[in-house]
There are 4 protein chains.
Amino acid sequence: MKELKDTQNERDDRQLPIDRVGVKGLRFPIEVRDKGGSVQRTVAMAALAVDLPEHYKGTHMSRFVEALNSHGGCLDVRSMAALPRELLAKLDASRAHVEFQFPFFRSKAAPVTGKPGMMDYEVRFEVEAERDGPLDFIVTVMVPVATLCPCSKEISDRGAHNQRGVVTYSVRFREPVWIEELIDLVERSASCELYSLLKRPDEKAVTERAYDNPVFVEDLVRNVASRSEAHEEIVWYRVEAENFESIHNHNAYAVIEKKLG
Amino acid sequence: MKELKDTQNERDDRQLPIDRVGVKGLRFPIEVRDKGGSVQRTVAMAALAVDLPEHYKGTHMSRFVEALNSHGGCLDVRSMAALPRELLAKLDASRAHVEFQFPFFRSKAAPVTGKPGMMDYEVRFEVEAERDGPLDFIVTVMVPVATLCPCSKEISDRGAHNQRGVVTYSVRFREPVWIEELIDLVERSASCELYSLLKRPDEKAVTERAYDNPVFVEDLVRNVASRSEAHEEIVWYRVEAENFESIHNHNAYAVIEKKLG
Amino acid sequence: MKELKDTQNERDDRQLPIDRVGVKGLRFPIEVRDKGGSVQRTVAMAALAVDLPEHYKGTHMSRFVEALNSHGGCLDVRSMAALPRELLAKLDASRAHVEFQFPFFRSKAAPVTGKPGMMDYEVRFEVEAERDGPLDFIVTVMVPVATLCPCSKEISDRGAHNQRGVVTYSVRFREPVWIEELIDLVERSASCELYSLLKRPDEKAVTERAYDNPVFVEDLVRNVASRSEAHEEIVWYRVEAENFESIHNHNAYAVIEKKLG
Amino acid sequence: MKELKDTQNERDDRQLPIDRVGVKGLRFPIEVRDKGGSVQRTVAMAALAVDLPEHYKGTHMSRFVEALNSHGGCLDVRSMAALPRELLAKLDASRAHVEFQFPFFRSKAAPVTGKPGMMDYEVRFEVEAERDGPLDFIVTVMVPVATLCPCSKEISDRGAHNQRGVVTYSVRFREPVWIEELIDLVERSASCELYSLLKRPDEKAVTERAYDNPVFVEDLVRNVASRSEAHEEIVWYRVEAENFESIHNHNAYAVIEKKLG
């Protein structure tokens, strides 16, 4: 049998450091603590990477997967946040980056009848560590909402076009902020929030609420931006809204990104 | 050098004929003649397959690609329809199936100002041939439309939720039907058709038209079904509508499939 | 305030029954019992539908979501299987259909070092009920595998092209079969199974195992078919394999579907 | 009839300029001139946006679509590059950004038999203009390739795992570079390039070529980086490679981004 040579450890002379090398598209069970105190089990799509100095031929891909699996069969937020530092050590790197994106659920009561239904959102954690530096942590929520067009309402004798849109809202923060708080902030910024379960009195209520609160895609991102600037813990935000226009086969979108303070 | 043995031609003794074997995910330029008489060049995603009798170990995958490329760098409808018979001969098969899905464009005038804008649709051709049998040809159009909820309009003091939906409409026919005719049939069945370009007077018109023509997803498929049954050339149809509800994060859908005559 | 009229309950005179009407794209937490006896929590994408007789204008969409939410915040296999009968009653339908697709995890030991890593698969349940008829239950597993080309191995002086493929394997059964058993059956049918964690001695082992077990996409579906036919509980199967060819930018695929006994 | 008020033109007092607002997901026919001199017609997915000063409530979405349609039913590279400046004028903006992503085809001869087959690639143009500033133009090619693992080859007695990967390679340049030149540069950096049509002698050749040229994902990005640094016209590049590992259900990836000179 050949000796199992460590090809990755060979020297590379091309003088080209690599910004990021690692694994992508790895699914893993995780658990996330709710604002309500209970623990939600869900499934994340993960990516893990480090930088690679110019003199190494390759990184050791299996160590990323070992790090992921070293916490048992399920990761929680604390272990996700700790992963980049573990990678720095395990892979002798100077920068490490991890990403976890997963569906997150809230039970939401219908606005009039109060009937409960599970609403789903996408959430993403991105954590980056540098040797001897502080952690960089970005939380992103993707929140589906309803938007009703102010122009259409203004110019039409009856009705107004409205549609589903999705707001992708990312923040950096001083002290951790609950996912639920970020979702609430976005939902309050739209024409109306969405529900999975609506009976007729609820449908009447959300139809009228949307009609009474028209927002352009521009208003939507500005509403989220205003609330972000008023928030004590948020030090940076990026908000993108995309409306799946009901009168077109294309989408309207708008973006604001800003560092605060 | 080894002789290049034809492994595929070896005998298989498992007594398992294969229903369909071939290639998928192949992109190829095509051209489609408009109802208006001009030729539209676009790009299709193709799949080509044949059946395989039990005694052959494998098919010859490269022959599918050769057949596709044997018509020059671009296929037209006539060559797409002829492909299954060529595959029967080239691969000594008893059944052959090809699929081509591609974006199709129409210049559409805005309803009031008449300003032109290109609207895009997805179209799919499926052609199947059996040795000594007739060709089976299915044309599918995927048409984005606006739907406005009759219940929401009825129960609400103002407004009505509406959204983009997509209708996937497939037909078999006696004599060929224009893609444009199928698209028109679907667009007339919705609350309002979509446009890529709308100025303010147009937006007013489509908002009011949708408000005046509320349809449930059930109405939408029944409207398409009724028109199909009244159409002289259509001998089979399948219509599926899916509405990207503006009040939910899930979709409503309905399906009718029927053989006529 | 207007009375909240039940528009859906109105009479429709178009004489067009609807084959299937319902909701799609609804995510919901579920739990699945492992063969090992522990319970795995994961997230499903759900679709629920019923048929609609010709004289009703519409179905009641909110009842699907109520049915889904009526089992608490998480569904297990028993409640998924019971859903179609509940829909028959709640919606006065004669046919009901539900689908749940979700990631499923297994901890798998690397073949030489025995190091554990979580492998993910997609699983789908489809359950259909007819009034006074038996339940129809289809289980589908989507299993990623490695395939090494027999022809490339045979004709080349060194090496052989290989790639990731995915096998989509559906069964109907007499007595329930474990998801793990279906996955094992597929993994044994490929050139080599996949692992999330492989150290160097493991990588050597899987490389050589794949090289020693070349399979065409045709062999792969036939291997799965043979094992299905030998299985006591399986009464129907459909197997489709798709190889993401490493020498092409398109995929090879093959399908066998068969009713047994 | 109400006067059709221009709601978008109203004043906004939230003091929040918007970085980018516009349309997304718009498909449009385009034509691209080949290195060989002939014109290739294909279909792009487009996005167009401008910035919006804080005192405007909204942009005029229809003007983006008018700009797109103002060049007739098909755009060429010259008109795509001119669009941002037109948007600056039409929308009174200070920054404008357009993106077009489309499939691009080359007829490629098989390496031994010389048989021709169409290979498809994805290409993206991003053009940004600032009032009184120079144009910023980024060309991206997404090139599918084969990669064979050096470690697997080194440690295994026979065979080596290999797979399809995709390289996403973006450049800024002094003088325009042909799309074909960028594709060639990437294809030469992999274990082997891909072909749509390969007969047995060709398959033998590419299998052996890949086996003789093993590259890690790290080697692949470094090979592209080296060639970029040696290229006279390239002033910035970003190269990302992602390998769809044939031994795992996840992908390996690596990225280098660099400004030159």
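Owing to the predicted nature of the structure, the values given are computational and were not obtained by experimental measurement. (Residues numbered from 1 in each chain as written. Chains lettered and ligands numbered in written order. Predicted model: local features only at pLDDT ≥ 70, side-chain atom pairs only at ≥ 80, totals over all residues. Heavy atoms only, no water.)

## Overview of the overall build of chain A
Summing up its helical and strand segments, chain A has six helices and ten strands in all. Considered along the principal axes of its C-alpha atoms, chain A spans approximately 80 × 40 × 40 Å. By element, 46% of the accessible surface of chain A is carried by carbon and sulfur atoms, the whole surface being about 9600 Å². (Helix = DSSP H or I, 4+ residues; strand = E, 2+ residues; numbered from the N terminus. Areas by Shrake-Rupley, 256 points an atom, 1.4 Å probe, with all protein chains shown as cover.)

## Some thoughts on the UniProt feature "site: May be catalytically important" (unreviewed entry) in chain A
Per the UniProt record, "site: May be catalytically important" (unreviewed entry) is annotated on Cys149 of chain A. Within the secondary structure, Cys149 of chain A is located in the loop between strand E6 (136–148) and helix H3 (150–155). Residue classification places Cys149 of chain A among the buried positions, given a relative accessible area of 9%. In this structure Cys149 of chain A touches Ala160, His161, Pro214, Val215 and Phe216 of chain A together with Glu203 of chain B, once residues within four positions along its chain are discounted. (UniProt positions renumbered as here; feature names shortened; annotations may be inferred. Buried < 20%, exposed > 50% of the residue type's maximum accessible area, 1.4 Å probe, protein only. Contact = heavy atoms within 4.5 Å.)

## Quick notes on the layout of surface pockets
Roughly 1000 Å³ of volume is contained in the largest pocket. Forming the boundary of the largest pocket are 30 residues, of which Arg124, Glu126, Arg238 and Glu240 of chain A together with Arg238 of chain D lie nearest the centre. Sort the elements by how many residues they give to the lining of the largest pocket and strand E5 (residues 116–130) of chain A lands first, with four residues. (1 Å grid on protein atoms, 1.4 Å probe; cavity = no way out; pocket = protein on both sides within 12 Å on 5 of 7 lines; lining within 4 Å. Points joined across faces, edges and corners; volume = space filled by probe spheres on them.)

## Some thoughts on the interface of chain B and chain D
Opposite the 33 residues of chain B that make contact, chain D presents 32 residues. Connecting chain B to chain D are ten salt bridges. Two residues, Arg27 of chain D and Asp120 of chain B, come together in a salt bridge whose shortest N-O distance is 2.8 Å. Between chain B and chain D we count 18 residue pairs in polar contact (both at pLDDT 80 or more) in total. Taken together, the elements giving at least two residues each to the side of chain B that touches chain D come down to strand E1 (18–33), strand E2 (39–52), helix H1 (61–69), strand E4 (95–109), strand E5 (116–130) and helix H5 (200–212) of chain B. The greatest single-element share of the side of chain B that touches chain D, amounting to six residues, is contributed by E5 of chain B. The residue inventory of the side of chain B that touches chain D, partitioned by class, reads 14 nonpolar, seven polar and twelve charged. (Salt bridge = Lys/Arg side-chain N within 4 Å of Asp/Glu carboxyl O. Polar contact = N/O pair within 3.5 Å; in protein donor to acceptor, adjacent residues only side chain to side chain. Nonpolar A, V, L, I, M, F, W, Y, C, P; charged D, E, K, R; others polar.)

## Describing the side chain of Gln163 of chain B
Tracing the backbone shows Gln163 of chain B in strand E7 (residues 162–173). Judged by relative accessible area, Gln163 of chain B falls into the buried class, the value being 2%. Within polar-contact distance, the side chain of Gln163 of chain B engages the side chain of His161 of chain B at 3.0 Å. When sequence neighbours within four positions are dropped, the list of residues in contact with Gln163 of chain B reads Asn162 and Ser246 of chain A together with Val145, Ala146, Thr147, Asn243, Phe244, Glu245 and Ser246 of chain B.

## Topic: the relation of the copies chain B and chain D
Once chain B has been moved 0.0 Å along the axis and rotated by 180°, it coincides with chain D to within an RMSD of 0.0 Å. The relationship between the two copies is best expressed as a two-fold rotation axis. The C-alpha atom lying nearest the rotation axis in chain B is that of Thr42 of chain B; the distance is 2.8 Å. Comparing contact sets, 97% of the residues at the interface of chain B also lie at the interface in chain D, consistent with an isologous, same-surface contact. (Least-squares fit on C-alpha atoms with pLDDT ≥ 70 in both.)

## Points about the interface of chain A and chain D
In this complex, chain A contributes 59 residues to the contact, which on the side of chain D involves 59 residues. Summing the contributions of chain A and of chain D, the shared interface buries around 4700 Å²; its carbon and sulfur component is 52%. For the interface between chain A and chain D, the tally reads ten salt bridges. Between Glu242 of chain A and Lys24 of chain D there is a salt bridge; the shortest N-O distance is 3.8 Å. Counting across the chain A and chain D interface gives 30 residue pairs in polar contact (both at pLDDT 80 or more). The set of elements that each furnish at least two residues to the side of chain A that touches chain D consists of strand E1 (18–33), strand E2 (39–52), helix H1 (61–69), H3, helix H6 (217–229), strand E9 (234–243) and strand E10 (251–259) of chain A. Residue composition of the side of chain A that touches chain D, by class: 27 nonpolar, twelve polar and 20 charged. (Buried area = accessible area lost by both parts, 1.4 Å probe.)

## Brief notes about the pairing of strand E6 (residues 136–148) of chain C
Residue and element names in this part refer to chain C. Counting buried positions along E6 yields twelve of 13 residues, so the element is predominantly enclosed. As judged from the seven bridges shared by strand E5 (residues 116–130) and E6, these two strands associate in the antiparallel manner. Counterpart to Phe125 in the pairing with E6 is Val139. Linkage of E5 to E6, two consecutive antiparallel strands, is achieved through a turn of five residues, within which Asp132 is found at a positive phi near 65°. Strand direction decides the pairing type here: E6 and strand E7 (residues 162–173), joined by ten bridges, are antiparallel. The partner of Ala146 across the bridge, within E7, is Arg164. Both E6 and strand E8 (residues 192–193) contribute to a ladder of two bridges, which runs antiparallel. If you follow Val145 over to E8, its bridge partner there is Glu193. (Pairing = 2+ DSSP bridges.)

## Re the pattern of salt bridges
For the structure shown, the criterion picks out 116 salt bridges over all chains. Linking Arg200 of chain B and Asp6 of chain D is a salt bridge whose minimum nitrogen-to-oxygen distance equals 3.4 Å. Remark: Asp6 of chain D occurs in the segment before strand E1 (18–33) and Arg200 of chain B occurs in helix H5; the pair is interchain, linking two chains. A relative accessible area of 24% places Arg200 of chain B in the partly exposed class. Ionic contacts of the salt-bridge type, sharing partners, join the residues Asp12, Arg14 and Lys57 of chain A together with Asp219 and Arg222 of chain D into one network.

## Here we look at the relation of the copies chain A and chain D
Laying chain A over chain D is done by rotating through 180° and shifting 0.0 Å along the axis; what remains is an RMSD of 0.0 Å. The fraction of interface residues of chain A whose copies in chain D are also interface residues reaches 100%, indicating that both copies meet through the same surface.

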